[in-house]
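Listed below, chain by chain, are the residues.
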Amino acid sequence: MIPVQLTIEGLYSYQQRQTIDFTRLTEAGLFGIFGAVGSGKSSILEAVSFALYGETERLNSKDRRAYNMMNLKSNRSYIAFDFINFENRTFRAAREFRRNSKRFDDVKSPTVVFYEKKEGEWIPLEHTHAEKIVGLSYDNFKRTIIIPQGQFREFLELGASDRTKMMKEIFQLQRFDLYDKASALAAINRSELDILEGKLSGLQEINEEIILEKTAALQKEEEQFSFKEKEFGLKEKEFGRLAQLREDFASLKKAEQQYADFRNKKSDFELRQSILIRYEKTERIFRNLMERQRKNLTEQKSNTLDLDASETKEQHISRQLEAAQTAFEAIAKDYSENLPLIRKRAEEMSKLTDAHELNRKITDERLRTKKGKKAVEDTEASEAAIRKEADALQEKLSNAKTRKTDTSTLLEIDAWFVRSRTLRNDIKICSDEIFDIKKQTDLLSARQKDLPEDWKTYFENEKAALKKCQEASEDKRQQLLVTQKLEEYAQHLHNGEACPLCGAREHPDPASGKHAAAEISETEKEISTLKEKMDVVNRKISELEKNEIRKLEKLQQTEILVSKKKDLEKGLEDHLKKFVWKDLSPENEAEFLAVKKKSLETEAEISSLEQQWAASNRKIEIQQSRTKKYQEELKKIEDEILKLSAQQQQLISGILLISEPEKWLEQSREKLTGEKERLEKTIADTEKNYLETQKKISELKPELASVSAKTTYLKTQKIKLEAEASQIADELNSALHHEGFAAMEEVEKILKNTLDPEKERLEIQHFLSGFAVAESRVLELTKILEGKDFSEEEFIRQQTALAGLKKELDMAIGFLATLRADLKRIRQLFDDKKELLSEQTRLRNRAEHLRTMTNLFKGTGFVQYVSSIYLRQLCDHANVRFHKMTRNQLSLQLGENNDFEIIDYLNEGRSRSVKTLSGGQAFQVSLSLALALAESVQSHAQADRNFFFIDEGFGTQDPESAGVVFETLSHLQKENRIVGIISHVEELKERIPVSLNIVKDEEKGSLIQFLQ
């Protein structure tokens, strides 16, 4: 855990809110908190502990902790502690409690909220368990991170059992308490072994002899099946030839019909084929020529339109260019001769405008000066009036303080009356409890009035009779279960298989299990009824025994309460003797309350007057601050006027073209702005016309050249298209003559036909192919069936015979499958049995091992052994620093009973008790051990940086030893550890790089100062 920030308000001596930024302290690695005795140093550590855990070392929950922790001048206590935990996450623990406005001594219980910082925002948590966040309980937190006063030697002086318990909690040694786990594993193993042995009991009859018998029977059936299968194959082959002959005759008849259909359609397809050939030839010769002619005509028409448009555009651009060049010659003269003068005049007019604006600002500042002087006079008068009021309040406050009663005396008297009321109330509570217990005892006795005096013997006899009946019924049930099991065996017997009981292979009259099941059911009902009666008797005995125990407990409670009442009465008597205030009566609390009320009213009056006087002083400070602020502002205004006047004069001195500039300053701002804008517009218009005309000329020239080039290209293209048209016409005439056409109309008529050549060609080819296939098929089948004959009656006869053989073969396959499945089942059971036997051996071996482990881990011996290892490691780590601090004279070791001992090397290395150490040596060994423990704990928590805070011990060291201790702590910075020290030893201040100084002010309480 790394602290980030701590805020305290209204806690112990901290009256006003104080905030500690630990970032600056932890960056140094080693820092201190110094102050005089009683200044509030240790309260800082208490605030951290209370914010996290709600616990402190000074006070517990019975000590009216909230009231006693709150500053007596405060009505609210607040603690907020920001820190980074071992997971590098930032948290805040905040606690707040308030005083009852009507009762000074009534302080409500603290409200607590934990937050986590996520993306720059504090998110409230659903719990307030610091142990989950910090990773340590409160006791171990104050042993390993923040060690308060009086607790520094606690770990060193703990007894062996308490130290073992602490080590078990800090290092989570309960993970080495393995007895329950070993017992659980043994129980699981035992359960698995019982289940496995139950499975094996059902497989006793499965052995290799049964497998051999089943295998031989299967082989015999497979040989018979093979003979039938061959016979069926021969018959099936013969029938297949007959079926093929029948199919061939049917195919011949179908092929002859198809061939006749093709011959009828042949002439139509021959005509379609000649038309297709004529169409494709015409298209191949003329289609391309006609398409070229159409495209040429389209291109000539487009060329004519483009040429006309281009020539027109060329003439238009030429006229625009001539006009722009004429206009540019006139604008260029005005741009070069008149524009510079206009620009200069516009600049001077801009300066005049700025000077006019400065003139307005100077006037405004002078007006502010007049108002400021008036404000200074008003604040000075107000300050005098408030000071007079404060003097009057101070006089009243002095008078009220002289009437004030001593608060400590009132608190003592109030505590006496509270204790008196508590004692009287406790005596009454004891009396009431004694009376209530007597009533309860009488009720318990009344419950047994109808029972015999020796009721235990009566119920034991009744239990013995019921138990005898239960045993008889249970014997009967066991006999019936055996009978039922025999009947179950009988139901699973098969002729030819050996009986698991007698070994016989024939079973002429197996038993039936109907009667045994009914008798078992009746017997179980009898057992259940007897068990219920036994439970009723046991419950009665249990209730009566509990009744006796309660009566005994009530008697013991009565004795305790009577003794407690006597102690309380004696305490009240002693308490009455402590009443030493002669002006008041111990029996008249109302008289004291009146005095207390009057004192509280005086306190309230003093508090009110102090607040009013403080408010008046704050008002005086505010008025003084305002007066100073107004005076400083007046000086700034006067300086600003001088500055503005100088700027204005500088602007006017630079004006040369505009005559009498002072007169222009007398004009309105609108007139100046208008003249300036007019000049700027003239400049802008001139520049715009010049640039636009220049740009237009530069754009028209390339555009005219581009259009002229396009016109020339279009004229050339026109001549080329005309020549191409003549050539296409000659090629068409030549093709017409060659193909024998009189005119193009004949070609166009052929090509207008909607014929799909590809589709037509495919249909013709498909027909011709089908015709050839049908003809070939008829010839092939005629040749195959030449000289052959087919009888439908013979076909049906062989088909019926083959079906009969097939049915017999299927039945044989079914029986063979049953034999194979049965053999497979028995082999699987045999394999299962071998695996179960192997598993049984494994589980029995495991049971022996687990029995050994259970005996090993019984009790807490193993945990104590591991704890001693951790303690020895702590000793080794602590001795690294303890040797150095004692100049190699002493070291720490662990004794036979896990108690710490000291090895004294100045006395031949003999051991002695740690109680023989001096105060300084005890501090050194405690510090070494605490550092080692903190390192181990925080290393166990996997923290990047470790934090360690101590609050005592340096005053016990001589200068040389203190230097060694200080060097040890300083060296921790190199180990990425942060160490905080609380001390009143002034010499340490000079040696620690950064620190906090706590001072206690009589009026403001404890104040925190940062030193560097």
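Bear in mind that the values here come from a model prediction, so they are computed numbers and not experimental data. (Residues numbered from 1 in each chain as written. Predicted model: local features only at pLDDT ≥ 70, side-chain atom pairs only at ≥ 80, totals over all residues. Heavy atoms only, no water.)

Across its full length, the protein holds 22 helices and 15 strands. Compactness check: the protein gives a C-alpha radius of gyration of 60 Å against a globular reference of 31 Å for 1012 residues, more than 25% above the reference. For the C-alpha atoms alone, the extent of the protein along its principal axes is close to 155 × 150 × 75 Å. Counting across all 1012 residues of the protein, residues that qualify as buried make up 34%. Sequence separation of 24 or more characterises 76% of the internal contacts of the protein that already satisfy a separation of 6 or more. Put simply, the protein shows about 63400 Å² of open surface, and 51% of that area lies on carbon and sulfur atoms. Distance from the positive charge centre (166 side chains) to the negative charge centre (178 side chains) of the protein: 3 Å. (Helix = DSSP H or I, 4+ residues; strand = E, 2+ residues; numbered from the N terminus. Rg over C-alpha atoms; globule rule 2.2 N^0.38 Å. Buried < 20%, exposed > 50% of the residue type's maximum accessible area, 1.4 Å probe, protein only. Contact = heavy atoms within 4.5 Å. Areas by Shrake-Rupley, 256 points an atom, 1.4 Å probe, with all protein chains shown as cover. Lys, Arg positive; Asp, Glu negative; His and termini not counted. Charge placed at Lys NZ, Arg CZ, Asp CG, Glu CD.)

Ordered by their spatial adjacency, three strands build an open sheet running 9-10-11, and the pairing between neighbours is antiparallel. Each edge of the sheet is formed by a strand with only one pairing partner; in this case those strands are strand 9 (890–894) and strand 11 (910–913). Each strand of the sheet is rotated relative to its neighbour by a mean of 40°, with strand direction disregarded. With five bridges connecting them, strand 9 and strand 10 (residues 900–904) associate as antiparallel partners. Among the inter-strand pairings, L890 is bridged to a residue of strand 10, identified as D904. (Pairing = 2+ DSSP bridges. Axes fitted to C-alpha atoms, helices over the stretch in contact; angles between N-to-C directions.)

Turning our eyes to something else, we now look at the sheet that holds strand 2 (residues 18–21). In spatial order, the strands read 2-1-4-5-6-7; together these six strands make up an open sheet with antiparallel pairing. Of all the strands in the sheet, just strand 2 and strand 7 (121–124) have a single pairing partner and so form its edges. Neighbour-to-neighbour, the strand axes of the sheet open up by a mean angle of 20°, direction not taken into account. Across four bridges, strand 1 (residues 2–9) lies against strand 2 in antiparallel orientation. Bridge pairing links L6 to I20 in strand 2.

Quick look at the packing of aromatic side chains now. All chains considered together, the criterion is met by 14 aromatic pairs. With centroids separated by 5.4 Å and ring planes inclined at 50°, the aromatic side chains of F262 and F767 adopt a geometry described as tilted. In this pair, F262 is assigned in helix 9 (residues 208–337) and F767 in helix 18 (residues 757–784), connecting sequence segments 505 residues apart. Residue classification places F767 among the buried residues on the basis of a relative accessible area of 5%. An aromatic cluster is present here, built from F262, F269, F767 and F771 joined pairwise through their rings. Here the basic side chain of R24 rests over the ring of F1010, its NZ or CZ set 3.6 Å away from the ring centre. Lying across the ring of F104, R99 places its NZ or CZ 4.0 Å from the centre. (Phe/Tyr/Trp six-rings, centres within 6.5 Å; stacked < 30°, edge-to-face > 60°. Lys NZ or Arg CZ within 6 Å of the ring centre and 35° of its normal.)

Now for the pairing of strand 13 (residues 977–983). When you tally the buried positions in strand 13, you get seven out of seven residues, the bulk of the element. Across five bridges, strand 3 (residues 30–35) lies against strand 13 in parallel orientation. Across the sheet, residue G32 finds its bridge partner in strand 13, namely I981. Here strand 12 (residues 946–950) runs beside strand 13; their pairing, made up of five bridges, is parallel. If you follow N946 over to strand 13, its bridge partner there is R977.

Mapping D105 onto the fold places it in the loop between strand 5 (90–98) and strand 6 (111–118). Excluding residues that lie within four positions of it along the chain, D105 makes contacts with R64, Y67, D414 and K596.

With that out of the way, let us pick up unusual backbone geometry. Among all residues save glycine, negative phi is the norm, and among peptide bonds the norm is trans. Positive phi outside glycine occurs at Y12, with the angle close to 50°. By relative accessible area, Y12 is classed as buried at 13%. The backbone of E119 shows a phi angle near 55°, a positive value even though the residue is not glycine. Using a relative accessible area of 82% as the deciding quantity, one classes E119 as exposed.

Right, let's get into a nonpolar patch on the surface. A contiguous nonpolar surface patch, about 310 Å² in accessible area, is contributed by L72, F104, L411 and L600. With respect to the helices and strands, the residue L411 is situated in helix 11 (residues 407–446). (Patch = residues over 30% accessible without salt bridge, like charges linked within 9 Å, V, L, I, M, F, W, Y side chains within 5 Å. Salt bridge = Lys/Arg side-chain N within 4 Å of Asp/Glu carboxyl O.)

Attention shifts here to the packing of helix 10 (residues 339–402) against helix 14 (residues 589–653). When two helices pack together, you describe them by how their axes are tilted relative to each other and by the distance separating the axes. As a packed pair, helix 10 and helix 14 sit with axes 7 Å apart at the nearest point and diverge in direction by 165°. Regarding the angle of helix 10 to helix 14, the classification is roughly antiparallel. When you trace helix 10 past helix 14, the crossing you get is left-handed. Of the residues in the contact of helix 10 with helix 14, the class split is 21 nonpolar, 17 polar and 19 charged. (Parallel < 35°, antiparallel > 145°, perpendicular 65-115°, else oblique. Left-handed = near helix turned anticlockwise from the far one by under 90°. Nonpolar A, V, L, I, M, F, W, Y, C, P; charged D, E, K, R; others polar.)

Within the structure shown, the criterion is met by 33 salt bridges. A salt bridge links K681 to D685, with the nearest nitrogen and oxygen atoms 2.9 Å apart. On the criterion of helical spacing, the pair formed by K681 and D685 is a turn pair, its members being four residues apart in helix 16 (residues 669–739). Ionic pairing is found between D810 and K806, a salt bridge with its closest N-O pair at 2.9 Å. Here D810 pairs with K806, and both are found in helix 19 (residues 792–857), just four residues apart, close to one helical turn. Its relative accessible area of 37% is what places D810 among the partly exposed residues.

One finds L6, L52, F141 and F947 to be the most contacted residues of the largest nonpolar core, which totals 49 residues. Non-local contacts of F141, meaning those with residues more than four positions away in its chain, are made with M1, V48, S49, L52, Y53, V134, L136 and I146. Within the second largest apolar cluster, 27 residues are counted, among which are M166, L173, L871 and L894. (Core = buried A, V, L, I, M, F, W, Y, C linked by side-chain atoms within 4.5 Å.)

In terms of burial, strand 10 is a largely internal element, four of the five residues being buried. Where strand 9 hands over to strand 10, the hairpin turn is made up of five residues, of which N898 adopts a positive phi near 60°. For strand 10 and strand 11, the ladder comprises four bridges, and the chain directions are antiparallel. Directly across from E901, in strand 11, lies its bridge partner S913. Between strand 10 and strand 11, which pair antiparallel one after the other, the connecting turn spans five residues, and E908 there sits at a positive phi close to 60°.

Where helix 9 meets helix 18, the closest approach of the two axes is 7 Å, and the angle between their N-to-C directions is 150°. Here helix 18 runs roughly antiparallel to helix 9, going by the angle between their axes. Crossing hand, helix 9 versus helix 18: left-handed. Considered class by class, the residues forming the contact of helix 9 with helix 18 number 16 nonpolar, four polar and twelve charged.

Moving on, we come to helix 9. Taking 1.5 Å per residue, 130 residues should reach 194 Å; helix 9 reaches only 130 Å between its end C-alpha atoms and comes up short. At K266, helix 9 is deflected by roughly 40°, the largest bend along its length. Where helix 9 begins, one side-chain oxygen reaches toward the backbone nitrogen of E209, 3.2 Å away; that side chain belongs to N207. (Expected span 1.5 Å × (residues − 1). Bend = angle between axes of the 7 residues up to and from the residue. Polar contact = N/O pair within 3.5 Å; in protein donor to acceptor, adjacent residues only side chain to side chain.)

With that settled, the discussion passes to helix 2 (residues 41–53). The end-to-end C-alpha separation of helix 2 is 19 Å, in line with the 18 Å expected for 13 residues at 1.5 Å each. Extensive coverage of helix 2 is indicated by the burial of 13 of its 13 residues. Positive backbone phi, approximately 70°, marks G54, located one or two places after helix 2.

We now examine the environment of I133. Along the polypeptide, I133 turns up in helix 4 (residues 130–134). For I133, a relative accessible area of 5% translates into the label buried. Dropping the residues within four chain positions of it, I133 is found in contact with F83, N85, F86, F91, F114, L125 and H127.

Locating Q623 in the fold gives a position in helix 14. Contacts of Q623, omitting those with residues within four sequence positions, involve T379, S382, E383 and I386.

Our next topic: the environment of E589. For E589, the position within the fold is in helix 14. Taking the C-alpha atoms as reference points, E589 and A922, separated by 333 residues in sequence, lie 51 Å from one another. Excluding anything up to four places from it in sequence, E589 contacts F417 and R421.

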